[in-house]
Amino acid sequence: MKIAEFTALLDRAYRRHHVIGDERFGVVAGLDLEGRLFTVLDGEVVSRVNAEAIMAVSTRHKYQNPGGDVLWPAPEGTMFGYEYTAGTWRVPPEITGARYVVVQSAQSSAVIEAEIDLVNNKGIGIPCLFTRDIHLDAGGNARVMHVKESITYLGTRTLQRGEFLIAPWSLSQFDSGPGAEVVFPHAAGSVRDLYDASDSQRSVRDGLCHTKTDTSQRYQIAISAAVDHIEYHNPEKKLTVRRTAEKIRSGRYIDIADAPPDTIPSDIGVRFSVYSDKSGFMEIEAAGGCIDELKNGDTLRLRVSTAFSTGDM
């Protein structure tokens, strides 16, 4: 989809948006689409675009997943997660209805933010400010999107370990299909399944783990801090996307799993994850860390760099 077609779609859907960069390398920030970022290369939007979802509204009966790159709070499930507060899985309306505003803007950068009041599966309210600080680096042949993700706690009550678990979690979606895969350095014990076993999707060659995202199986794998990057390859679209994330400077990596709300989270932390969906898309994800005590003004940060390249593989 051309960038002009995409922005016209957003206009028809009455979705505010903000453009960073230019047609060679740019980002369209969907201010009324959970603050999602849609990357543009040479005039084409390469992020997943779900036009039907953009034109619709999420309800408790159906989540409309618009694509792009989004900042969510982790974990998804377990007793501290944010997707089961109404009993069954749903993306809470505090996220789907978030209204981001642009607080800083330049040609190749912008800062957007939204107040999002979360409630975890223990019924504890966690009022937050979500901030996405975006900077595009298009020097030479490089096309890299750097995003400083942050979640700032606005509540007046200090929360202790055992009451909460929260970390910034960046999920980047792309259309996927035959021949597509994610490649990353192999480290023993660094991968575990978050849903059904997906061993048949993976192989190790020359020190690299290859996990298929050909949409033949729905799965999600968690990847530990022993791995320093993950890279998506889509030969059909001649697209390569590499995601790196700075190691957390304080706190601990957490379990982000979509587990039932009566489940105690694992002590096994997650730095990256890969999700493959049978409906034709995938996600390359990066997660930050959590601290033991959450006080007013505390900020949880995640610095993610996403490098894009196109051409024959």
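Keep in mind that this is a model prediction, so the values were computed, not measured.

Draft legend 1. Geometry of the overall build of the protein. What the protein contains, in helices and strands, is three helices and 24 strands. Relative to the 2.2 N^0.38 estimate, which gives 20 Å for 313 residues, the radius of gyration of the protein is 18 Å and therefore close to what a compact globule would have. With the C-alpha coordinates aligned to their principal axes, the bounding extent of the protein is approximately 50 × 45 × 40 Å. Considering the protein as a whole, with its 313 residues, one finds that 55% of them fall into the buried category. Here the contacts in the protein between residues at least 6 apart in sequence split such that 67% fall between residues at least 24 apart. Of the side chains in the protein, 34 bear a positive and 42 a negative charge, and the two mean positions are spaced by 1 Å.

Draft legend 2. Quick look at the nonpolar core. In this structure, Leu118, Ile126, Met145 and Ile166 are the most contacted members of the largest nonpolar core, which totals 74 residues. Look past the residues within four positions of isoleucine 126 in its chain and what remains in contact with it is Tyr82, Ile116, Asp117, Leu118, Asn120, Tyr153, Leu159, Phe164 and Leu294. Core analysis: the next-biggest nonpolar cluster, separate from the first, contains eleven residues, Ile3, Leu9, Leu10 and Ala13 among them.

Draft legend 3. Molecular detail of the pairing of strand β9 (residues 144-153). Summarising burial for β9: eight of the ten residues are buried, a large majority. In this structure, strand β8 (residues 125-137) lies alongside β9, joined through ten bridges in antiparallel fashion. The partner of arginine 132 across the bridge, within β9, is glutamate 149. Where β9 and strand β24 (residues 299-310) come together, nine bridges link them in antiparallel fashion. Counterpart to lysine 148 in the pairing with β24 is arginine 303.

Draft legend 4. Region of the structure containing the layout of surface pockets. One number sums up the size of the largest pocket: a volume of about 370 Å³. Considering the residues around the largest pocket, the lining is formed by 22 residues, among which Asn65, Trp89, Tyr275, Phe281 and Glu283 are closest to the centre. Counting only elements with at least two residues in the lining of the largest pocket, the list comes to β5 (69-74), β11 (167-175), β20 (272-277) and β21 (281-287). Across the lining of the largest pocket, the residue classes tally to nine nonpolar, five polar and eight charged.

Draft legend 5. Structural detail: the packing of aromatic side chains. Going through the model one piece at a time under the given rule, you end up with eight aromatic pairs. Between phenylalanine 25 and phenylalanine 308 the ring centres are 6.3 Å apart and the planes differ by 55 degrees, which places this aromatic pair in the tilted class. With a gap of 283 residues between them, phenylalanine 25 in strand β2 (residues 25-30) and phenylalanine 308 in strand β24 connect regions that are remote in the sequence. An aromatic cluster is present here, built from Phe25, Phe174, Tyr232 and Phe308 joined pairwise through their rings. The ring of phenylalanine 281 has arginine 48 sitting right over it, with the charged end atom 4.1 Å from the ring centre. Just above the ring of tyrosine 195 sits the side chain of arginine 218; from NZ or CZ to the centre is 4.3 Å.

Procedures and definitions
- Residues numbered from 1 in each chain as written.
- Predicted model: local features only at pLDDT ≥ 70, side-chain atom pairs only at ≥ 80, totals over all residues.
- Heavy atoms only, no water.
- Helix = DSSP H or I, 4+ residues; strand = E, 2+ residues; numbered from the N terminus.
- Rg over C-alpha atoms; globule rule 2.2 N^0.38 Å.
- Buried < 20%, exposed > 50% of the residue type's maximum accessible area, 1.4 Å probe, protein only.
- Contact = heavy atoms within 4.5 Å.
- Lys, Arg positive; Asp, Glu negative; His and termini not counted.
- Charge placed at Lys NZ, Arg CZ, Asp CG, Glu CD.
- Core = buried A, V, L, I, M, F, W, Y, C linked by side-chain atoms within 4.5 Å.
- Pairing = 2+ DSSP bridges.
- 1 Å grid on protein atoms, 1.4 Å probe; cavity = no way out; pocket = protein on both sides within 12 Å on 5 of 7 lines; lining within 4 Å.
- Points joined across faces, edges and corners; volume = space filled by probe spheres on them.
- Nonpolar A, V, L, I, M, F, W, Y, C, P; charged D, E, K, R; others polar.
- Phe/Tyr/Trp six-rings, centres within 6.5 Å; stacked < 30°, edge-to-face > 60°.
- Lys NZ or Arg CZ within 6 Å of the ring centre and 35° of its normal.

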